Amino acid sequence: MARVTFPFGPQHPVLPEPVQLILTCEDEKVVEVKPRIGYMHRGIEKGCELNPYKHNVFLCERICGICSFIHAEAYCEVIEKAMGIEVPPRARYLRVFWAELSRMHSHLLWLGLFADGFGLESLFMQCWRARELVLDVSELTSGHRIIQSTCVVGGVRKDLDAEQIRTVRKMLKQFKELYTPIFQVFQHDRTIKSRTWGKGILPKDVAWQLGAVGPTIRGSGWAFDARMDGYAAYGELGFEPVVEEGCDSYARMMVRAREVWQSWELINLVLDRLPAGEINVPVEDNPKGEAIHRAEQPRGEVIYYCRGDGSPNLKRLKVRTPSFANLPTLLVMLPGCELADVPVITLSIDPCIACTER
Amino acid sequence: MGMLGVVLRNLFTGPVTRRYPSERREYFDGSRGRLVFHPEYCEFCGECERACPTGAIELDTAWDTRRQDYSIVWLRRYNPFKCIFCGNCVEACPYGAIELAEEPAVPRYRKEISVDEIPNWQWTEWVAS
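Residues numbered from 1 in each chain as written. Chains lettered and ligands numbered in written order. Predicted model: local features only at pLDDT ≥ 70, side-chain atom pairs only at ≥ 80, totals over all residues. Heavy atoms only, no water.

Structural notes on the packing of helix α3 (residues 68-83) of chain A against helix α4 (residues 89-117) of chain A
Residues and elements named next belong to chain A.
Then comes step 1: Two elements in contact, α3 and α4, have axes whose closest approach is 9 Å; the angle formed by their N-to-C orientations is 145 degrees. Taking contact as the criterion, the partners of Phe69, Ile70, Glu73, Cys76, Glu77 and Glu80 in α3 are, on α4, Arg95, Trp98, Ala99, Ser102 and Arg103.
Then comes step 2: For the contact of α3 with α4, a count of residues per class yields five nonpolar, one polar and five charged. (Axes fitted to C-alpha atoms, helices over the stretch in contact; angles between N-to-C directions. Helix = DSSP H or I, 4+ residues; strand = E, 2+ residues; numbered from the N terminus. Contact = heavy atoms within 4.5 Å. Nonpolar A, V, L, I, M, F, W, Y, C, P; charged D, E, K, R; others polar.)

Let's talk about the packing of α4 of chain A against helix α5 (residues 121-142) of chain A
Helices that pack against each other are described as a pair by the angle of their axes relative to one another and the distance between those axes.
Residue and element names in this part refer to chain A.
Then comes step 1: Interaxial distance between α4 and α5 falls to 8 Å at its minimum, and their mutual angle equals 160 degrees. Judged by the inter-axis angle, α4 sits roughly antiparallel to α5. Along this stretch, α4 crosses α5, giving a crossing that reads as left-handed.
Then comes step 2: Class assignment for the residues of the contact of α4 with α5 results in 17 nonpolar, five polar and three charged. (Parallel < 35°, antiparallel > 145°, perpendicular 65-115°, else oblique. Left-handed = near helix turned anticlockwise from the far one by under 90°.)

Re the nonpolar core
Then comes step 1: The biggest cluster of nonpolar side chains holds 111 residues, and the ones touching the most others in it are Phe97, Phe175, Tyr179 and Tyr304 of chain A.
Then comes step 2: No other element matches α4 of chain A, which puts 14 residues into this core.
Then comes step 3: Those residues in contact with phenylalanine 175 of chain A that lie beyond four places of it in its chain are Met104, Leu108, Ala130, Leu133, Val134, Val260 and Trp264 of chain A.
Then comes step 4: Formed by 18 residues, the second largest nonpolar core is a distinct cluster that contains Cys48, Cys83, Cys93 and Ile98 of chain B. (Core = buried A, V, L, I, M, F, W, Y, C linked by side-chain atoms within 4.5 Å. Buried < 20%, exposed > 50% of the residue type's maximum accessible area, 1.4 Å probe, protein only.)

As for the pattern of salt bridges
Then comes step 1: Counted under the stated rule, the structure contains 35 salt bridges over all chains.
Then comes step 2: The partner of glutamate 45 of chain A in a salt bridge is arginine 316 of chain A, and the shortest N-O contact between them spans 3.6 Å. With a gap of 271 residues between them, glutamate 45 of chain A in helix α1 (residues 44-50) and arginine 316 of chain A in strand β8 (residues 314-320) connect regions that are remote in the sequence.
Then comes step 3: A salt bridge links arginine 157 of chain A to glutamate 91 of chain B, with the nearest nitrogen and oxygen atoms 3.1 Å apart. In this pair, arginine 157 of chain A sits in the loop between β5 (155-156) and α6 (162-188) while glutamate 91 of chain B sits in helix α3 (residues 88-92), so the two residues belong to two different chains. (Salt bridge = Lys/Arg side-chain N within 4 Å of Asp/Glu carboxyl O.)

Here we look at the UniProt feature "binding site: Fe cation" (unreviewed entry) in chain A
All names here are of chain A.
Then comes step 1: Feature annotation in UniProt places "binding site: Fe cation" (unreviewed entry) on Cys67 and Cys355, given in this structure's numbering. A maximum C-alpha distance of 9.3 Å places the annotated residues, which cover 289 residues in sequence, within one compact spot.
Then comes step 2: Positionally, cysteine 67 belongs in the loop between α2 (56-61) and α3.
Then comes step 3: With relative accessibility at 0%, the residue cysteine 67 sits in the buried group.
Then comes step 4: Those residues in contact with cysteine 67 that sit more than four places away from it in its chain are Gln297, Pro298, Arg299 and Cys355.
Then comes step 5: By the element assignment, cysteine 355 lies in helix α15 (residues 353-357).
Then comes step 6: Taking the relative accessible area as the measure of exposure, cysteine 355 reaches 0% and is therefore buried. (UniProt positions renumbered as here; feature names shortened; annotations may be inferred.)

Points about the sheet that holds strand β6 (residues 288-297) of chain A
All names here are of chain A.
Then comes step 1: Here three strands make up an open sheet; going across it, the order is β6-β7-β8 and the pairing antiparallel. The strands lining the two open edges of the sheet, one partner per strand, are β6 and β8. Here the strands of the sheet are splayed against their neighbours by 10 degrees on average, with no regard to which way each runs.
Then comes step 2: Of the pairings in the sheet, the one linking strand β7 (residues 300-309) to β8 comprises six bridges and is antiparallel in character. Directly across from tyrosine 305, in β8, lies its bridge partner lysine 318. (Pairing = 2+ DSSP bridges.)

Some words on the packing of aromatic side chains
Then comes step 1: Applying the stated rule across the entire model yields 17 aromatic pairs over all chains.
Then comes step 2: Ring geometry for phenylalanine 69 of chain A against tryptophan 98 of chain A: centres 6.0 Å apart, planes inclined by 50 degrees, an arrangement best described as tilted. Placement of phenylalanine 69 of chain A in helix α3 and of tryptophan 98 of chain A in helix α4 is noted, with a sequence separation of 29 residues between them. Assigned by exposure class, phenylalanine 69 of chain A and tryptophan 98 of chain A land together as buried.
Then comes step 3: Plain terms: the ring middles of tyrosine 234 of chain A and phenylalanine 239 of chain A are 6.0 Å apart, the flat faces sit at 70 degrees to each other, and that makes the pair edge-to-face. Side by side, tyrosine 234 of chain A and phenylalanine 239 of chain A carry an identical accessibility label, which is buried.
Then comes step 4: One aromatic cluster in this structure is built from Phe175, Tyr179, Phe183, Trp261 and Trp264 of chain A.
Then comes step 5: Taking the ring centre of tryptophan 222 of chain A as reference, the NZ or CZ of lysine 204 of chain A above it sits at 5.2 Å.
Then comes step 6: The ring of phenylalanine 37 of chain B has arginine 76 of chain B lying over it, and the distance from NZ or CZ to the ring centre is 3.8 Å. (Phe/Tyr/Trp six-rings, centres within 6.5 Å; stacked < 30°, edge-to-face > 60°. Lys NZ or Arg CZ within 6 Å of the ring centre and 35° of its normal.)

Quick word on the UniProt feature "domain: NADH-quinone oxidoreductase subunit D" (unreviewed entry) in chain A
Residues and elements named next belong to chain A.
Then comes step 1: Mapped onto the present numbering, the UniProt feature "domain: NADH-quinone oxidoreductase subunit D" (unreviewed entry) falls on residues 119-281 and 286-358.
Then comes step 2: Counting secondary structure, residues 119-281 comes out at 58% helix and 2% strand; the distance between its end C-alpha atoms is 50 Å.
Then comes step 3: For residues 286-358, helix accounts for 29% and strand for 37%, while the C-alpha atoms at its two ends are 25 Å apart.

Structural notes on the interface of chain B and chain A
A common way to express how large an interface is: the accessible area buried when the components associate.
Then comes step 1: The interface of chain B with chain A comprises 24 residues on the first partner and 23 residues on the second.
Then comes step 2: Roughly 1900 Å² is buried in total at the junction of chain B and chain A, and carbon and sulfur atoms are behind 50% of that figure.
Then comes step 3: Per-residue buried area on chain B facing chain A is highest for Met3, Phe28 and Arg32 of chain B; these three make up 35% of the total on that side.
Then comes step 4: Where chain B packs against chain A, one counts three salt bridges.
Then comes step 5: Measuring nitrogen to oxygen at the nearest pair gives 3.1 Å for the salt bridge that ties arginine 25 of chain B to aspartate 136 of chain A.
Then comes step 6: Linking chain B with chain A are 11 residue pairs in polar contact (both at pLDDT 80 or more).
Then comes step 7: Those elements giving two or more residues to the side of chain B that touches chain A turn out to be α1 (2-13), α2 (47-51) and α3 of chain B.
Then comes step 8: For the side of chain B that touches chain A, the element with the highest residue contribution is α1 of chain B, accounting for six residues.
Then comes step 9: Here the side of chain B that touches chain A is composed, by residue class, of 12 nonpolar, six polar and six charged. (Buried area = accessible area lost by both parts, 1.4 Å probe. Polar contact = N/O pair within 3.5 Å; in protein donor to acceptor, adjacent residues only side chain to side chain.)

Okay, structure coming up:
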């Protein structure tokens, strides 16, 4: 049968960001796929070498517009490791609070886009309606809906008072009422199952060999999560990763849908156990030596590496982002699928090209 | 069936969206919106310029073209299109000359840099003598 090769993306209605897939099809079946990236490289790593290291927090926060806080947190933690700074307990708990808010709104954004990808538009709107509540919590506590800018080297910049905590608890209760029916739809709806069940299979051993991270590998049955290392306050909060055994798009979707609940519980736990005390320690020195830090983003594990020589500017900052690790899995998931399933399978790894290219 | 229940409930609870330009949402206390500068409190110390991560604030001097005696004016240039509204300058200012308003900056037709003259640092007679 004749083969047809055509581009899918970089501008496509289901793709939130520019990644191009060169698809080769036989009739309606995909036989070969080549992902192509490089449409939005911004040179952030080089930019970080030119700024004073304290100003880089705001630049690293803009590597990704969705998981911005976790980038800032990972950057601060790697600098703190290089300088040997001990962060106060309250700051560590507050970092978990904002990081989990980021994860909640990122997953809800993705669940909405995914619902839109398989054609359930009213579910897309419901997800984004619930997400709006999470963004309100973020604005109430940090002053901004998405770019929180609350993390600094040595701790955090903002504190929660008793009044705010009461309001946040009330809003989290409202969120539970909104999200419960949405979660049940994702879990049980026949239409969703028919579009996602058995689509884009990533076998357990292949997921490990390809170095997949985040919900992509947890959907293939591996309990692999950087939060298990216990950075920030995760070690004290008794964190356990969400794992699904299905290895398909449905399993990856359910990992994210269940992680919204997990984040909701973690935020409640943080508010219950928030220790009193300082929220940051003064930092006067410059980083000297090198350090590496792993953190868990909504899309998977991010790795930060830094090297300093005692001057205010870093000599090198390297960021390995989760979508970069997850893109090769498309080479396994897409060949053999129907052309109509390509958007759903591509979206199931939650590709974030702004992260990937930085 | 689950989705049908959600949709039916929404039919009877009214819209959750706003008619935007006429009806605006209320901002929370401490929202980081527009940057407001009070030149009368400014002492020209330069803390805000050093704290700004994007270089949106510049302190500078210039010849006062309104006068004939080669006097100098002290200026603060602020580029709202470079500003990321992080609030570093607000925290750094020891005199309370900068604050963040809750409502966000409005879109503009032209990329104009706002220039403020610092009144505390004017050309005075004792400097001339």
